[in-house]
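So you can see what is in the structure, the chains are spelled out below.
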Amino acid sequence: MAEAATPLHALTAHELRDKLRNREVSATQIAESTFDRIRAVDDRVKAYMVVTQDAAMETARDVDSRLERGEPLPPLAAIPVGIKDLICTKGVRTTCSSKILEPFVSPYDATVMRRLHAQKAIITGKLNMDEFAMGSSTENSAYMETANPWNLAHAPGGSSGGSAAAVAADEAVLTLGSDTGGSIRQPASFCGVVGMKPTYGRVSRFGLVAFASSLDQIGPFSKDVRDCALALNAICGHDPLDSTSADMAVPDFTAGLVPDVEGLRVGIPAEYFVEGLDGEVEASVRAAISKLEQLGATLHEISMPHTEYSIATYYIIAPAEASSNLARYDGMRYGHRTDDPDDLMDMYRKTRGEGFGDEVKRRIMIGTYALSAGYFDAYYLKAMKVRTLIKQDFDRAFEEVDIIVTPTAPSAAFALGEKTDDPLQMYLSDVFTAPASMAGLPGLSMPCGFSSEGLPIGLQILGKPFDEETVLRAAYAYEQATDHHLRRRSPDGIAV
Ligand code: GLN
């Protein structure tokens, strides 16, 4: 199909930006195209919890009048951006896909929202997720299941499944998600898009509903690496409202996008190519590694001996923090409160019993147990020590290499319903993403091939703390030398 015929909703942010600046299209046309697309496909994909068309059209008109007046526009002006439903949006409901927050409308905007509004981005709506970001398939949403746009019977991954599916189905040009143990990278892998978790502290968590505060990080989903860099430029940077936000200079991430990996040292950890890794995934990832070598990178076998403890450690630390963070949903301050309780304790019990889904309850119980007197040293404290060992594996590896390349997930997208009865199987989806989360490192997932069933396969690139630039450069070089990212941009997007 000729380029001119590509509908606006199927273009990248940088393509739209150029067309807007050349006055080939208006902001209103871009917005309309995206909302038409949402209307056409979202009853099948089910990415959106809520669509915010009216406010978006107002922003689009504002951008058009600025264009008319010849005013300079920020890079994300008129770019349709969807938001995971755990980022607070003033005046628009935020549910975390949980019943317990049902009527909650945040009285303030998260810092990332303020940054997107300052860019004049078009906010398309709020996206479905696993309840409170706990899950790997988006099936833990209390509202609906999101489908994988490549095959509607398959899961989009999670917990940011709505954010990944919306980009894959051209229902948004960019989206924001959050990653605690893999929730940006794994759904990006399943949906064949680019997803990046920046270094912990790079993006303000102010207004991000907390799951596990020492791990949570906001990051973007996009159709290509350049768009990922553009999104990072908009959302990264110090914020006094988040005490864990890093007071460090933020580079222009697009400036470092040169397709050059000459001499780049790529680490390949033996522990990520183990039993349980799907053969097609391994073949695609190994082919991607060879491609990087052909492009001039040098390959280094490395060992990260504590990798095997990552899932056990993560599933102590994340639930422990969650049990504390979720104590605030008590029926007094936010959202749902049970009708007609007998007394205060009964009100707490019933409110929380009715409001939380099974997985959230499971995490609260595991976390409370791990933190309780008598068990704290055996579980939580021990997990924190192992977390340090996992981080030291990375510190040692990064003395020898510049980036680490692995599969993002052990398989391509599994079928909806396939793992819902077995939480442990679901937890194992995070085996390659959780370690970098515990070390706070930046990580990106991008498509590197397709399974025989036609489902995307993801490549994970991990970098040193605050070295998103090198991760992006390697990703860009690989993307420019391959065409996996173009395959998703079929005129009709979703496979039905
Ligand atoms: N799947 C992991 C979990 O269930 C990761 C979730 C996340 O990163 N938010 O905890």
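1. Quick look at the overall build of the protein
When you go through the protein residue by residue, the secondary structure sums to 16 helices and 11 strands. For 496 residues, the compact-globule estimate of 2.2 N^0.38 gives 23 Å, and the protein sits close to it at 21 Å. Dimensions of the protein, computed from the C-alpha atoms along their principal axes, are close to 65 × 55 × 45 Å. Considering only contacts within the protein whose residues lie at least 6 apart along the sequence, 76% involve residues at least 24 apart. Taken as a whole, the protein presents about 18,000 Å² of accessible surface, with 51% of it coming from carbon and sulfur. Across the protein, the 48 positively charged side chains and the 68 negatively charged ones have centroids separated by 4 Å.

2. Section: the nonpolar core
Among the nonpolar cores identified, the biggest contains 150 residues, and Ile87, Leu116, Phe132, Phe394, Leu444, Ile461 and Leu472 are the most heavily contacted of them. With eight residues, helix α7 (residues 225–235) is the single largest residue contributor to this core. Apart from the residues lying within four places of it in its own chain, the contact partners of Ile87 are Thr94, Ala110, Val112, Met113, Lys126, Leu176, Gly207, Leu208 and Ile218.

3. Topic: helix α2 (residues 27–45)
The first and last C-alpha atoms of α2 sit 25 Å apart over 19 residues, in line with the 27 Å expected at 1.5 Å per residue. When the local axis directions of α2 are compared, the greatest deviation, roughly 40°, occurs at Arg39. Of the residues making up α2, those classed as buried are Ala27, Thr28, Ile30, Ala31, Ser33, Thr34, Phe35, Arg37, Ile38, Val41, Asp42 and Val45. Where α2 is buried, its residues touch α1 (13–21), β1 (48–51), α3 (53–68), β2 (80–84), β3 (122–127) and α5 (161–168).

4. Quick word on the site of the ligand
Residues in contact with the ligand amount to 15 residues; listed here are only the nearest, Thr180, Gly181, Ser183, Tyr314 and Arg363. Note that a nitrogen atom of the ligand is positioned 2.8 Å from one of the side-chain N or O atoms of Ser136. Class assignment for the residues of the shell around the ligand results in five nonpolar, seven polar and three charged.

5. Digging into the side chain of Ser204
Looking at the secondary structure, you find Ser204 in the loop between β5 (194–197) and β6 (217–222). Looking at Ser204, the relative accessible area reads 1%, which means it is buried. In terms of polar contacts, Ser204 uses its side chain to reach the backbone amide nitrogen of Phe206, at 3.0 Å. Polar side-chain contacts of Ser204 include one of 2.5 Å to the side chain of Asp239. In contact with Ser204, other than residues within four places in its own chain, are Thr111, Val112, Ile218, Gly237, Asp239 and Asp242.

6. Remarks on the sheet that holds strand β10 (residues 443–450)
Strand order in the open sheet formed by 11 strands is β1-β3-β2-β4-β6-β5-β10-β11-β9-β7-β8, and the pairing between neighbours is mixed. Bordering the open sheet on either side are β1 and β8 (298–302), each of which pairs with just one other strand. Strand-to-strand twist of the sheet, defined as the mean angle between neighbouring strand axes without regard to direction, takes the value 30°. Strand direction decides the pairing type here: strand β7 (residues 265–269) and β8, joined by five bridges, are parallel. Within β8, the residue paired with Pro269 across the bridge is Ile302. Along the sheet, helix α15 (residues 468–480) contacts β5, β9 (403–407), β10 and β11 (456–463); its crossing angle with β10, the most-contacted strand, is approximately 15°.

7. Overview of the packing of aromatic side chains
Using the criterion set out here, one finds 16 aromatic pairs in the structure. Look at Phe132 and Phe356: their rings are 6.0 Å apart centre to centre, the planes differ by 65°, and that puts the pair in the edge-to-face class. Residue Phe132 is found in the loop between β3 and α5, and its partner Phe356 is found in the loop between α10 (344–355) and α11 (358–371); the two are separated by 224 residues along the sequence. Aromatic pair Tyr369 and Tyr375: ring centres 4.4 Å apart, planes at 25°, arrangement stacked. Since its relative accessible area comes to 35%, Tyr375 is described here as partly exposed.

8. Here we look at the environment of Pro72
Relative to the helices and strands, Pro72 resides in the loop between α3 and β2. Residue Pro72 is classed as exposed on the basis of its relative accessible area of 73%. Separated by 22 residues in the primary sequence, Pro72 and Thr94 have C-alpha atoms spaced 32 Å apart.

9. Points about a negative patch on the surface
Taken together, the side chains of Asp339, Asp340, Asp342, Asp343 and Glu354 present a region of like negative charge at the surface. For Asp339, the position within the fold is in the loop between α9 (310–325) and α10. The exposure class assigned to Asp339 is exposed, which follows from its relative accessible area of 69%.

10. Overview of helix α12 (residues 377–400)
Under the 1.5 Å per step criterion, the end-to-end length of α12 is 34 Å for 24 residues, consistent within 8% with the ideal 34 Å. Every buried residue of α12 is listed here: Tyr380, Ala383, Val386, Arg387, Ile390, Asp393, Phe394, Ala397 and Phe398. Buried residues along α12 sit in contact with β8, α9, α11, β9, α14 (434–439) and β11.

11. What about the pattern of salt bridges?
If the charged atoms of two oppositely charged side chains come close together, the side chains can form a pair. Tallied over the entire structure, the rule returns 22 salt bridges. Between Glu68 and Arg23 there is a salt bridge, and its shortest N-O distance comes to 3.7 Å. Of the two residues, Glu68 is situated in helix α3 and Arg23 in the loop between α1 and α2; the sequence distance between them amounts to 45 residues. By relative accessible area, Glu68 is classed as exposed at 61%. Residue Arg202 is joined to Glu468 by a salt bridge in which the shortest nitrogen-to-oxygen separation is 3.1 Å. Here the residue Arg202 occupies a position in the loop between β5 and β6, and Glu468 occupies one in helix α15, the gap between them amounting to 266 residues. Residue classification places Glu468 among the buried residues on the basis of a relative accessible area of 0%. Linked through salt bridges whose partners overlap, the residues forming this network are Asp62, Arg66 and Lys120.

12. Considerations on unusual backbone geometry
In this chain, Gly158 is followed by Ser159 through a cis amide linkage whose omega measures 10°. Here Ser159 is to be found in the loop between β3 and α5. Within the chain, Ala78 stands out as a residue other than glycine whose phi angle is a positive 70°. Structurally, the position occupied by Ala78 is in the loop between α3 and β2. Residue class for Ala78 comes out buried when judged on its relative accessible area of 0%.

About the cut-offs
Residues numbered from 1 in each chain as written. Predicted model: local features only at pLDDT ≥ 70, side-chain atom pairs only at ≥ 80, totals over all residues. Heavy atoms only, no water. Helix = DSSP H or I, 4+ residues; strand = E, 2+ residues; numbered from the N terminus. Rg over C-alpha atoms; globule rule 2.2 N^0.38 Å. Contact = heavy atoms within 4.5 Å. Areas by Shrake-Rupley, 256 points an atom, 1.4 Å probe, with all protein chains shown as cover. Lys, Arg positive; Asp, Glu negative; His and termini not counted. Charge placed at Lys NZ, Arg CZ, Asp CG, Glu CD. Core = buried A, V, L, I, M, F, W, Y, C linked by side-chain atoms within 4.5 Å. Buried < 20%, exposed > 50% of the residue type's maximum accessible area, 1.4 Å probe, protein only. Expected span 1.5 Å × (residues − 1). Bend = angle between axes of the 7 residues up to and from the residue. Near = heavy atom within 4 Å. Polar contact = N/O pair within 3.5 Å; in protein donor to acceptor, adjacent residues only side chain to side chain. Nonpolar A, V, L, I, M, F, W, Y, C, P; charged D, E, K, R; others polar. Pairing = 2+ DSSP bridges. Axes fitted to C-alpha atoms, helices over the stretch in contact; angles between N-to-C directions. Phe/Tyr/Trp six-rings, centres within 6.5 Å; stacked < 30°, edge-to-face > 60°. Patch = residues over 30% accessible without salt bridge, like charges linked within 9 Å, V, L, I, M, F, W, Y side chains within 5 Å. Salt bridge = Lys/Arg side-chain N within 4 Å of Asp/Glu carboxyl O.

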